[in-house]
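Below are the chains, spelled out letter by letter.
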Amino acid sequence: MSRTGFFVGGERVQGSGQPFASVNPATGETNYELAAAGAGDVAHCVAIAKEALARSQWCGLRPPERARILGAIADGIVARSEDLAMIQLRENGKVLAECRAQVASAAATFRYYAAVCETAGAEVTPSRGDYLSMTSYEPIGVVAAITPWNSPLTMEAQKIAPALAGGNAVIVKPSEVTPSGALAVAEIALAAGLPAGILNVLTGTGVETGIPLVSHPDVRMVSFTGGTETGRSIAKIAAERLIPVALELGGKSPHIIFEDADLERAAAAVQDGIFEGSGQSCVAGSRLFVQRPVLQRMIELMRARAEAIAVGMPLDPGSKMGPLASFRHREHVERFVHSARAEGGEILAGGGRPSDAGLAKGAFYMPTLIGGLDPSAHACREEIFGPVLCILAFDDEEDLVAQANGTAYGLAAGIWSLDVTRALRVARRLEAGTVWINTYKQLSIATPFGGYKDSGIGREKGVGGMRLYQQIKSIYLGGVRL
Ligand code: NAD
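Residues numbered from 1 in each chain as written. Predicted model: local features only at pLDDT ≥ 70, side-chain atom pairs only at ≥ 80, totals over all residues. Heavy atoms only, no water.

### Overview of the overall build of the protein chain
Alright, step 1. When its secondary structure is counted, the protein chain shows 15 helices and 21 strands.
Alright, step 2. Its C-alpha radius of gyration of 23 Å places the protein chain within 12% of the 23 Å reference for a compact globule of 482 residues.
Alright, step 3. In terms of overall dimensions, the protein chain has C-alpha extents of about 70 × 65 × 40 Å along its principal axes.
Alright, step 4. By residue count, 56% of the 482 residues in the protein chain fall in the buried class.
Alright, step 5. Considering only contacts within the protein chain whose residues lie at least 6 apart along the sequence, 72% involve residues at least 24 apart.
Alright, step 6. If you sum the accessible surface of the protein chain, you get close to 19,200 Å²; carbon and sulfur atoms cover 54% of it. (Helix = DSSP H or I, 4+ residues; strand = E, 2+ residues; numbered from the N terminus. Rg over C-alpha atoms; globule rule 2.2 N^0.38 Å. Buried < 20%, exposed > 50% of the residue type's maximum accessible area, 1.4 Å probe, protein only. Contact = heavy atoms within 4.5 Å. Areas by Shrake-Rupley, 256 points an atom, 1.4 Å probe, with all protein chains shown as cover.)

### Considerations on helix α10 (residues 295-308)
Alright, step 1. Helix length check: α10, at 14 residues, gives a terminal C-alpha distance of 20 Å against a target of 20 Å (1.5 Å per residue), a fit within 8%.
Alright, step 2. Restricting attention to buried positions, one finds in α10 the residues Leu-295, Met-298, Ile-299, Leu-301, Met-302 and Ala-306. All buried residues of α10 project into a common sector of 165° when viewed along the axis, lining one side. Facing away from the buried side of α10 by more than 90 degrees, the exposed set consists of Gln-296, Glu-307 and Ala-308. (Expected span 1.5 Å × (residues − 1). Arc of directions from axis to C-beta.)

### Digging into the domain arrangement of the protein chain
Alright, step 1. Assigned domains of the protein chain: these are domain 1 (3-249 + 455-475) and domain 2 (254-444).
Alright, step 2. Here the C-alpha centre of domain 2 lies 31 Å away from the C-alpha centre of domain 1.
Alright, step 3. Every contact between the two is made by 23 residues of domain 1 and, on the other side, 29 residues of domain 2.
Alright, step 4. Roughly 1,900 Å² of surface becomes buried between domain 1 and domain 2 when both sides are summed, with 63% attributable to carbon and sulfur atoms.
Alright, step 5. In this structure, the connection of domain 1 to domain 2 is made through zero salt bridges.
Alright, step 6. Put simply, domain 1 and domain 2 have six residue pairs in polar contact (both at pLDDT 80 or more) between them.
Alright, step 7. Secondary-structure elements contributing two or more residues to the side of domain 1 that touches domain 2 are α3 (81-92) and α4 (96-119).
Alright, step 8. Per-element tally for the side of domain 1 that touches domain 2: the top contributor is α3, with four residues.
Alright, step 9. Residues belonging to the side of domain 1 that touches domain 2 are distributed by class as follows: 10 nonpolar, eight polar and five charged. (Domains from an automatic or database assignment. Buried area = accessible area lost by both parts, 1.4 Å probe. Salt bridge = Lys/Arg side-chain N within 4 Å of Asp/Glu carboxyl O. Polar contact = N/O pair within 3.5 Å; in protein donor to acceptor, adjacent residues only side chain to side chain. Nonpolar A, V, L, I, M, F, W, Y, C, P; charged D, E, K, R; others polar.)

### Concerning the sheet that holds strand β6 (residues 124-125)
Alright, step 1. The strand order across the open sheet formed by three strands is β6-β7-β21, and the pairing between neighbours is antiparallel. Two strands lie at the open edges of the sheet, namely β6 and β21 (470-478), each paired on one side alone.
Alright, step 2. Sheet topology note: the β6/strand β7 (residues 131-139) ladder contains two bridges and is antiparallel. Directly across from Val-124, in β7, lies its bridge partner Met-134. (Pairing = 2+ DSSP bridges.)

### Notes on the sheet that holds strand β5 (residues 30-34)
Alright, step 1. With mixed pairing, three strands are arranged side by side in an open sheet as β1-β5-β4. At either margin of the open sheet sits one strand with a lone partner, and together these are β1 (3-4) and β4 (20-23).
Alright, step 2. Two elements, β4 and β5, share four bridges in a ladder whose sense is antiparallel. Counted as the bridge partner of Val-23 is Thr-30 from β5.
Alright, step 3. Strands β4 and β5 of the sheet are contacted by α3, whose axis makes an angle of about 100° with β5. (Axes fitted to C-alpha atoms, helices over the stretch in contact; angles between N-to-C directions.)

### Quick word on the site of the ligand
Alright, step 1. The full set close to the ligand counts 28 residues, and Lys-173, Glu-176, Thr-230, Leu-249 and Glu-383 are the nearest of them.
Alright, step 2. Thr-230 is positioned with one of its side-chain polar atoms (N or O) 2.7 Å from an oxygen atom of the ligand.
Alright, step 3. In the environment of the ligand, an oxygen atom lies 2.5 Å from a nitrogen or oxygen atom belonging to the side chain of Glu-383.
Alright, step 4. Considered on its own, the ligand offers 850 Å² of accessible surface; in the complex 87% of this is hidden by protein.
Alright, step 5. Split by domain, the residues of the shell around the ligand number at least three in each of domain 1 (3-249 + 455-475) and domain 2 (254-444). (Near = heavy atom within 4 Å.)

Here's what the structure looks like:
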């Protein structure tokens, strides 16, 4: 089997790290083998990126010129959309429709940041003397972008596009579970006219490739999406080095149903909110809080929906839920369901692997509902990142807010109520970076996204998503009277 190299300075290279296999989680078969970057390869890549910034004048290009290349990258993604969707499907097992949607989202992100790059201005600040004072937004330099496996194409686009728009060079370290989408996007970017060395991709594990990257003295910023504990360890290195970090971390988002809600609509949203992508979403609504008078009705609705979800092969058009992204991750999910049983939880649906023999070789897990747990149970407090919904009851607003805010996380929340004043009041009291009212999991590249508490630091997306990758320089021009 030939080994896929990583991407440095516009070329595929083999590294000194431990090669690793990409595995299809729907079948257990090996897709291909990939090269891994060791510390020496990381140092070489950082030097290439730094040199490319100096040589290519990428940050010196006028914004419309940078925007034209970002737009061409979007075109290139669209032209290869089926290929990109299949790469993701083979690596993380999401169903085809979802993979296609994520490719479309990645292309839209490049278009959005082309527009931001071209239209975002700088400021002339109020003068207090005979001078003209102004701000200019400058690149930070070489940026490391480290990403997880659940939605690699969209996550990587959300870092690469604004960082390039801001004039930086980028080194992506994709998850070892989903390494290939970023490699394809780097090739597309080169073909679209991005100077060689401005976008590089290093494949490998967090320990072998990620740590040397974050620790390298010429990496001037780290943008990370992934688990909270990994984010914390990256932040410690960044603190020592005094470099900025943007951290998009885990979640345990509450999905809240008041007794006056449209229960049918809410149930549909709760289903998508937890089971889309097999629950492997940072904003998965994994704790369902139901006001006590409608608890039983909601359980019935959710049970009917969970049992009707077609779990199947990702390429089968009838499948609504594919496997988990890896066998190791399925074990993680299974441990949580086991602990929930041990802590007195009642399995209301699912709770195990599918019985269909055709799925036995893949990392499949059934949509699972658990009731009867205390909010302090592990499954109710910690991120499972799988198709597991814990159903909890509440009595009134005070009780609800205390329970909903009762985890270390604060990424997102959903509220269903026909009383909009109440919904807004509760939205203001929830510790979450995004709150949806009478909808769930609406995401827009134009709207800031990020977490409170242990769910992260900084906000991606929106115009500020480009500013995240820039530093402000203030310039005074003397001898001017305005
Ligand atoms: P992870 O933290 O294990 O790995 C994420 C990335 O970090 C991978 O590329 C990995 O190789 C790398 N890495 C691991 N250890 C490292 C280290 N010490 N130094 C540098 N890099 C290191 O996360 P995962 O299992 O790939 O993804 C799942 C997690 O991601 C979940 O917690 C989920 O909530 C989170 N996530 C958050 C968001 C968000 O926007 N907030 C979005 C998607 C996923």
